[in-house]
Amino acid sequence: MGCSQKFAGRMVVLIFLVVLACQGDYLGGGGGGGRVRPERMGPDECSEEDVVVYQSSANPLPSGIPAYTVHIINVCGGCRVSDVHVSCGDFASTELVDPAKFQRVGFNDCVVKGGAAMEPTEAVSFQYSNSFAYPLTVASVACD
């Protein structure tokens, strides 16, 4: 990925986080629409809704294979989540995806950051390439 693509991806995440901070709510990544989240009383009050997945088309590879950019974001402003698993079908990419960011561990089971914690508002971003986009939705998270 070139410098301009990395910069553009970071700008998208930054703008998204600024909008979240200004609005105090978010649009969920799997349907559910926007809603305001109340203040949390403890770490056991997080859920899959606190992590969203955004996916968009990227420039195709020189070979013509479509590419996609994915942002997985912990939208909870005050909670850490870990062991984030994403339903990902038979996810595969013609270009290597850094397994420290996103890795398929089984059919319809991909793990984010190897299960390590995602800090409040942290985003994990990567690109993959395949002839079609995989539907990616958060399956489970653990509250830290």
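### Topic: the pattern of salt bridges
Two side chains of opposite charge can pair, provided their charged atoms sit close to one another. Under the counting rule described, the total for this entry stands at four salt bridges. A salt bridge links Arg 80 to Asp 144, with the nearest nitrogen and oxygen atoms 3.3 Å apart. Here the residue Arg 80 occupies a position in the loop between β4 (67–74) and β5 (81–87), and Asp 144 occupies one in the segment after β9 (137–143), the gap between them amounting to 64 residues. Residue classification places Arg 80 among the partly exposed residues on the basis of a relative accessible area of 37%. Given the relative accessible area of 37%, Asp 144 is considered partly exposed. Where Arg 104 meets Asp 90, a salt bridge forms, and the shortest distance between an N and an O atom there is 2.2 Å. One end of the pair, Arg 104, is in strand β6 (residues 102–106); the other, Asp 90, is in the loop between β5 and β6, and 14 residues separate them in sequence.

### With respect to the sheet that holds strand β7 (residues 109–112)
The strand order across the open sheet formed by four strands is β6-β7-β5-β9, and the pairing between neighbours is antiparallel. Across the chains shown, the open sheet's two edge strands, defined by having one partner strand only, are β6 and β9. Pairwise comparison of adjacent strand axes, ignoring direction, gives a mean angle of 30° for this sheet. Two elements, β5 and β7, share two bridges in a ladder whose sense is antiparallel.

### Considerations on unusual backbone geometry
For residues that are not glycine, phi is negative in most cases, and the peptide bond is trans in most cases. At Asp 83, a residue that is not glycine, the phi angle is positive and equals roughly 50°. Along the chain, Asp 83 falls in strand β5.

### A word on the confidence of the model for the chain
Summing up the model confidence of the chain, the mean pLDDT is 80 and the portion of residues at 70 or higher is 69%. Low pLDDT, under 50, characterises residues 3–38; the predicted model gives this stretch 40 contacts beyond four residues in sequence or across chains.

### Some details on the sheet that holds strand β8 (residues 123–129)
Here we have three strands laid out as an open sheet, ordered β3-β4-β8, and antiparallel in their pairing. On the outer flanks of this sheet lie β3 (51–58) and β8, each paired with one strand and no other. Strand-to-strand twist across the sheet, computed as the mean angle between neighbouring axes with direction ignored, equals 20°. Bridge count between β3 and β4: eight bridges; the pairing is antiparallel.

### Things to note about the state of the cysteines
Applying the stated criterion to the full structure yields three disulfides. Note on cysteine connectivity: Cys 46 is disulfide-linked to Cys 143, with sulfurs 1.9 Å apart. The sign of the S-S torsion, about -110°, decides the handedness of the disulfide formed by Cys 46 and Cys 143: left-handed. Of this pair, Cys 46 sits in the loop between β2 (34–36) and β3 while Cys 143 sits in strand β9, and the two are 97 residues apart along the sequence. Two residues, Cys 88 and Cys 110, share a disulfide whose sulfurs are 2.1 Å apart. With the S-S dihedral at roughly 90°, the linkage between Cys 88 and Cys 110 falls on the right-handed side. One end of the pair, Cys 88, is in the loop between β5 and β6; the other, Cys 110, is in strand β7, and 22 residues separate them in sequence. Taken as a pair, Cys 88 and Cys 110 share a single burial class, namely buried.

What counts, and where the lines are drawn
- Residues numbered from 1 in each chain as written.
- Predicted model: local features only at pLDDT ≥ 70, side-chain atom pairs only at ≥ 80, totals over all residues.
- Heavy atoms only, no water.
- Salt bridge = Lys/Arg side-chain N within 4 Å of Asp/Glu carboxyl O.
- Helix = DSSP H or I, 4+ residues; strand = E, 2+ residues; numbered from the N terminus.
- Buried < 20%, exposed > 50% of the residue type's maximum accessible area, 1.4 Å probe, protein only.
- Pairing = 2+ DSSP bridges.
- Axes fitted to C-alpha atoms, helices over the stretch in contact; angles between N-to-C directions.
- pLDDT = per-residue confidence, 0-100.
- Contact = heavy atoms within 4.5 Å.
- Disulfide = S-S within 2.5 Å.

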